[in-house]
Amino acid sequence: MSVSPAPSLGKRLQDWLPRIVLAPSLALVLVFVYGFIVWTAVLSMSTSRLLPVYRWAGFDAYERLFNQPNWYVALKNLAIFGSIYIVVCIAIGLFLAILLDQKIRIEGVLRPIYLYPMALSFVVTGTAWKWFLNPGMGFEHAVRVITGWDTFRFDWITRPDMAIYTVAIAGIWQASGFVMAMFLAGLRGIDSEMLKAATVDGASTFTIYRRIVIPLLRPAFLSAVIVLAHMAIKSYDLVIALTGGGPGNATELPSTFMYSYTFTRSQMAVGSASAMVMLMGIAAIMVPYLYSELKEKNR
Amino acid sequence: MAFIEIDSLERTIGGNKILKGIDIELEKGGFLVLVGPSGCGKSTLLNAIAGLQQPTAGDIRIDGTSVVNLHPSKRDIAMVFQSYALYPNMTVGENIAFPLEMAGTPKENRTKEVGAVAKTLQIEHLLDRKPAQLSGGQRQRVAMARALVRKPRLFLFDEPLSNLDAKLRVEVRAEIKRLHQNTHATIIYVTHDQIEAMTLATKIVVMKDGIIQQAGTPSEIYNTPANMFVADFMGSPAMNMLPGTVTADGRGVALDAGAFTLPLATPLTPGRKVTLGLRAEAIGAGQSGFGVTLDLPVEIVEPTGSDLYLWLRLGKALVSARFPATVEQRPGAIQPVWLDLNRAVIFDTESRERIVGAAQEPALAAT
Amino acid sequence: MSAREMAISTAAGPARWSRVVIYGLLIVFALFYLTPLFVMLSTSFKTLDEIRSGNILALPAHPTADAWGKAWGSACIGVTCEGIKGYFWNSIKMVVPAVLISTVLGALNGYVLTKWRFPGHRIVFGMMLFACFIPFQSVLIPMARVLGILGLSNTTAGLVMVHVVYGLGFTTLFFRNYYDTFPTELIQSAQMDGAGFFTIFRRILLPSSAPIIVVTVIYQFTNIWNDFLFGVSFASGGSSPMTVALNNLVSSSTGVKEYNVDMAAAVIAALPTLIVYIVAGRYFMRGLMAGAIKG
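Conventions used here
- Residues numbered from 1 in each chain as written.
- Chains lettered and ligands numbered in written order.
- Predicted model: local features only at pLDDT ≥ 70, side-chain atom pairs only at ≥ 80, totals over all residues.
- Heavy atoms only, no water.
- Core = buried A, V, L, I, M, F, W, Y, C linked by side-chain atoms within 4.5 Å.
- Buried < 20%, exposed > 50% of the residue type's maximum accessible area, 1.4 Å probe, protein only.
- Contact = heavy atoms within 4.5 Å.
- Buried area = accessible area lost by both parts, 1.4 Å probe.
- Salt bridge = Lys/Arg side-chain N within 4 Å of Asp/Glu carboxyl O.
- Polar contact = N/O pair within 3.5 Å; in protein donor to acceptor, adjacent residues only side chain to side chain.
- Nonpolar A, V, L, I, M, F, W, Y, C, P; charged D, E, K, R; others polar.
- Pairing = 2+ DSSP bridges.
- Helix = DSSP H or I, 4+ residues; strand = E, 2+ residues; numbered from the N terminus.
- UniProt positions renumbered as here; feature names shortened; annotations may be inferred.
- Phe/Tyr/Trp six-rings, centres within 6.5 Å; stacked < 30°, edge-to-face > 60°.
- Lys NZ or Arg CZ within 6 Å of the ring centre and 35° of its normal.
- Axes fitted to C-alpha atoms, helices over the stretch in contact; angles between N-to-C directions.
- Parallel < 35°, antiparallel > 145°, perpendicular 65-115°, else oblique.
- Patch = residues over 30% accessible without salt bridge, like charges linked within 9 Å, V, L, I, M, F, W, Y side chains within 5 Å.
- Areas by Shrake-Rupley, 256 points an atom, 1.4 Å probe, with all protein chains shown as cover.
- Domains from an automatic or database assignment.

**Some thoughts on the nonpolar core**
- Among the nonpolar cores identified, the biggest contains 243 residues, and Y114 of chain A, L45 and I188 of chain B together with Y166 of chain C are the most heavily contacted of them.
- Filtering out sequence-adjacent residues up to four positions away, Y114 of chain A remains in contact with L96, L100, G177 and M180 of chain A together with L26, I27, F29, A30 and Y33 of chain C.

Here it is as structure tokens:
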């Protein structure tokens, strides 16, 4: 019977090296992501106002959060903004992708034009659209000057009932090109023989898209919805730069709500509670998605 | 008038001629195989027949009427693709029914016809599955079912077996053959595999660089290739090619490979550069007709189970010879072989075209 | 075009008029995407008088770069009137180290998570991946406290740390998915040849990692440059990054509103990422797609 010699120190170090290399990153993520989330959760159950205090208050802050009319404004705005943003981005994205897939000669010129807004900061986008939508000097004014239509009005950005739609317009401007690219990649991935087969089978172009191509784009739809929903919930910079949350609180979103309650209104516990609600919202979308993605990849 | 007539068909893409004047005729019920190396234009030709790519000149007639201006779906054809092109979002049954649905067939008729076709191809148990759940061979059958269900006047196959493994390929090949025999369908079939071409076709068209090299029955293509390209491309192992010069009396060829002179069945102009083509089965044991016996050293022994191929040294050249598997031989030995020059095909070395083919002049065998 | 070819084109593809409609629609959309950029640029070259009297869709009648000079060197942000140049450099000083560190760590993590798997590697990756998508609001308050304790509040170093930590998930994801396609036999054969952990990484994986490095660097650069939330939360005043300074400039309500200066500043803030996009748009796209996981 042979006795295996104890592995040398060098050998053991080699074996542990991969884990040692990964350890700092993992530690950072554990502390700064998961640890901080727990910390925020603790704060949301405390009586913190201007500064963190660790006196247990149970779900008091959540109760106060859901008694804030402002929070409902933020949720309602998120629902309006989010749904318009997602639906219109997907509609424009799919439409443009299908058009661009018709053997367009100038595709190489058009594609980068559709996509460049994605490279811009939301602050830049907000600044540009704030100027463009300025009723006195922007688009409204330009239309009046150029067409002579003196009663033309486009003052949504100053109207509390319409301002949230300007946020959606700017957001759509920024992200729809990206959604187009996602769909275009999906379209290009479809076996061209399949389209030929459908043509020979007698399907019209419209039928080919309706019955074969669009059903095949399901993964692209799913990705687009997830990405856009995630971006909508996190939207902060765009609103700040475009409307500053106003007029009044007309364009308040959960993200701006959290920031102002935490840092300017000294309601840290309520701010933390709103952050936790946002986190749960995102987790509800992302966890199942990431889980299925990872499972698929590992199969 | 033939059933399918293709008339000086051309296709140019960006100044690049893919098809350079293709003429083909095919009888009703014929099985035409388009064969050639990749890039020879065979798939382009098939797509042109299907209407998926437009020819720049020429005409395609089916049953006497031109179809070049017709939409693919109006040509009454069905096509089986290399990737099978099954619609992954539909079940097998829906896939097969799709062409009928597009043609406006009522639902109950559709179900009936799909059932009938599925029965023929033994895929009834798969009708509710999605294509992703099928094996390669099953997908292939579904693709064929989808083509068959339309009962078109012409079937097009675009390399339908190239995604299958070797064993399955032989099985499905036999099945396609049986299908053709049973239904008497007219088929045009594209492949790069010369064995598929030989086994399936009633008529083979060998293409290269957008030009038809030869059109004929499998035996014509095999035994009397029109030029050295066809001789080399069709058959395995490839035809032995022995370049040489016609002797002063015009009755023999002095081989470039070495000190051999082979007699010619038909006299040729003295001094002409020719290449003598000889299939492996024309070199072997036996001793009949017109030929010579040579004692050649064995270099490589290749048993295939059914046959034994010997690679023999002929001067500077190496020739393959086919023997029954019962022959025992080892490298280094001397093997007496009979060269059946009756079956030799003679090409002009310069133009690479055939000059004399044994099959065309059987009378000379007696000389 | 002969009658025959006409017939062919109608048989095979959409008719000519429908091509015109398609091109028309595509160009209308191109104008939709281009107009805000055009308005920004043209406004930035106008004088205030022209802005007040003309319309925003018009080209500048007498183009002047004055607004650019002012935005860069003398516009007032908060209490200082030195333009945005200092903040521009703040952003550069923040972006460069943050991108480099997070990319190097991401490459090593991706390498370990694909080629040196250990029990639980999937959970580790899942945790890092989910970290990409959390709303940063949920870590904002603790981060502010920790930066305060470490003495890194209102410093560029603090922002670098924040961006490294919250960029790790994406960089790891990129490299993991890239190295996943490398055959494991490659590592096994190198090990048999006597190469160790770092040698294999340096000699075998790294030399063929150029494309994913470019993708990662561009993605991180764009994200970090464009960040606003961390900047505004952890670095106010003189250490603000460009985006925060731009917002302060634009939303300040004191004095005459100088739209041309605002627009010049906005274009300057957009320029680095726009240039990266123009030079390496293909890689930018690949990063976005990989960030959406499916690609």
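There's plenty left to go through after this.
**Structural notes on the interface of chain A and chain B**
- Taken together, the contacts link 16 residues of chain A with 25 residues of chain B.
- In total, about 1700 Å² of surface goes out of reach between chain A and chain B, with carbon and sulfur atoms giving 62% of it.
- Our count for the chain A to chain B interface comes out at 2 salt bridges.
- For the pair chain A and chain B, the interface holds 8 residue pairs in polar contact (both at pLDDT 80 or more).
- Across the side of chain A that touches chain B, the residue classes break down as 8 nonpolar, 3 polar and 5 charged.

**Notes on the sheet that holds strand β1 (residues 4-13) of chain B**
Residues and elements named next belong to chain B.
- Taken in spatial order, the 4 strands line up as β2-β1-β4-β5 in an open sheet, and their pairing is antiparallel. Here the strands that pair on one side only, and so sit at the sheet edges, are β2 (16-26) and β5 (65-66).
- Across 2 bridges, strand β4 (residues 57-62) lies against β5 in antiparallel orientation. Bridging across to β5, R61 finds its partner in S66.

**As for unusual backbone geometry**
Residues and elements named next belong to chain B.
- Here the residue pair S236 and P237 is connected by a cis peptide bond, since its omega of 0° sits within 30 degrees of zero.
- Here P237 lies in the loop between α8 (228-233) and β11 (240-246).
- The backbone of S8 sits at a positive phi, close to 30°, despite the residue not being glycine.
- The class for S8 is partly exposed, based on a relative accessible area of 38%.
- The phi dihedral of D76 is positive, around 60°, even though this residue is not glycine.
- The topology assignment puts D76 in the loop between β5 and β6 (77-80).
- With relative accessibility at 32%, the residue D76 sits in the partly exposed group.

**Points about the UniProt feature "domain: ABC transmembrane type-1" (unreviewed entry) in chain A**
- Mapped onto the present numbering, the UniProt feature "domain: ABC transmembrane type-1" (unreviewed entry) falls on residues 75-291 of chain A.
- Within residues 75-291 of chain A, the helical portion is 74% and the strand portion 0%, while the C-alpha atoms at the span's ends are 27 Å from each other.

**Re the packing of aromatic side chains**
- Counted according to the given criterion, the structure contains 53 aromatic pairs over all chains.
- Relative to F233 of chain B, the ring of F229 of chain B lies with its centre 5.6 Å away and its plane at 15°, an arrangement referred to as stacked. Of the two residues, F229 of chain B and F233 of chain B both sit in helix α8, 4 residues apart, roughly one turn of that helix.
- With a relative accessible area of 17%, F229 of chain B lands in the buried category.
- Centre to centre, the rings of F175 of chain C and Y179 of chain C are 5.8 Å apart; their planes meet at 40°, and the pair counts as tilted. Of the two residues, F175 of chain C and Y179 of chain C are both situated in helix α8 (residues 156-179); the distance of 4 residues between them amounts to about one turn of the helix.
- According to the relative accessible area criterion, F175 of chain C is buried, its value standing at 1%.
- Classification of Y179 of chain C as buried rests on a relative accessible area of 0%.
- Here the guanidinium or amino end of R146 of chain B rests over the ring plane of Y87 of chain B, the centre of that ring lying 4.5 Å away.

**With respect to the packing of helix α9 (residues 205-216) of chain A against helix α10 (residues 218-234) of chain A**
Residue and element names in this part refer to chain A.
- Put simply, α9 and α10 touch, their axes get as near as 5 Å, and they point 50° apart. Taken together, the axes of α9 and α10 lie oblique to each other. Contacts between α9 and α10 involve I214, P215 and L216 from the first element and R218, P219 and F221 from the second.
- A breakdown of the residues in the contact of α9 with α10 according to their chemical character gives 5 nonpolar, no polar and 1 charged.

**What about a nonpolar patch on the surface?**
- Where nonpolar side chains cluster on the molecular surface, the patch consists of F95 of chain A together with W17, V21 and L25 of chain C and spans about 400 Å² of accessible area.
- Of the residues forming the nonpolar patch, the biggest block, 3 residues, is contributed by helix α2 (residues 16-44) of chain C.
- Along the chain, V21 of chain C turns up in helix α2.
- Residue class for V21 of chain C comes out partly exposed when judged on its relative accessible area of 43%.

**Observations concerning the sheet that holds strand β9 (residues 203-208) of chain B**
Residue and element names in this part refer to chain B.
- Ordered by their spatial adjacency, 6 strands build an open sheet running β6-β7-β8-β3-β9-β10, and the pairing between neighbours is mixed. With partners counted over all chains shown, the strands left at the sheet margins are β6 and β10 (211-216), one partner each. Each strand axis lies, on average, 15° off the axis of its neighbour in the sheet, ignoring direction.
- Strand direction decides the pairing type here: β9 and β10, joined by 5 bridges, are antiparallel. Bridging across to β10, V205 finds its partner in A215.
- Lying on the sheet, helix α4 (residues 136-148) is in contact with β6 and β7 (154-158); it crosses β6 at an angle near 175°.

**What about the interface of chain A and chain C?**
- Opposite the 96 residues of chain A that make contact, chain C presents 88 residues.
- Carbon and sulfur atoms supply 78% of the area that chain A and chain C bury against each other, a total of about 8500 Å² over both sides.
- Three residues, L22, Y116 and W131 of chain A, lead the burial of chain A against chain C; their summed loss comes to 8% of the area buried on that side.
- Counting every contact that joins chain A to chain C gives 0 salt bridges.
- Our count for the chain A to chain C interface comes out at 22 residue pairs in polar contact (both at pLDDT 80 or more).
- When its residues are assigned to classes, the side of chain A that touches chain C shows 69 nonpolar, 17 polar and 10 charged.

**Things to note about the UniProt feature "transmembrane region" (unreviewed entry) in chain A**
Residues and elements named next belong to chain A.
- Annotation from UniProt places "transmembrane region" (unreviewed entry) at residues 20-42, 78-101, 113-132, 162-187, 216-233 and 268-291.
- As annotated, residues 20-42 comprises 100% helix and 0% strand, and the C-alpha atoms at either end are separated by 31 Å.
- Across residues 113-132, the secondary structure splits into 70% helix and 0% strand, with the terminal C-alpha atoms separated by 19 Å.

**Some words on the pairing of β4 of chain B**
Residue and element names in this part refer to chain B.
- Two elements, β1 and β4, share 5 bridges in a ladder whose sense is antiparallel. Within β4, the residue paired with I4 across the bridge is I62.
- Between the antiparallel neighbours β4 and β5 lie 2 residues, among them D63 with a positive phi of about 55°.

**Considerations on the UniProt feature "domain: ABC transporter" (unreviewed entry) in chain B**
- Summarizing the sequence annotation, UniProt attributes the feature "domain: ABC transporter" (unreviewed entry) to residues 4-234 of chain B in the numbering used throughout.
- Each end of residues 4-234 of chain B is marked by a C-alpha atom, and these two atoms are 25 Å apart; helix forms 36% of the span and strand 26%.

**A word on the domain arrangement of chain B**
Residue and element names in this part refer to chain B.
- The domains assigned to chain B are domain 1 (4-228) and domain 2 (239-359).
- The interface is formed by 9 residues belonging to domain 1 together with 12 residues belonging to domain 2.
- Interface area lost by domain 1 to domain 2 is led by Y222, T224 and M228, which between them contribute 63%.
- The interface formed by domain 1 and domain 2 holds 0 salt bridges in total.

**Regarding the pattern of salt bridges**
- For the coordinates displayed, the defined rule picks out 26 salt bridges over all chains.
- For D155 of chain A, the salt bridge goes to R153 of chain A, with nearest N and O atoms at 2.6 Å.
- When its relative accessible area of 8% is taken as the criterion, D155 of chain A is described as buried.
- Residue classification places R153 of chain A among the exposed positions, given a relative accessible area of 57%.
- Here R343 of chain B ties to D340 of chain B by a salt bridge, and the two come within 3.9 Å at their closest N and O atoms.
- Classification of R343 of chain B as partly exposed rests on a relative accessible area of 42%.
- D340 of chain B sits in the buried class, given a relative accessible area of 13%.

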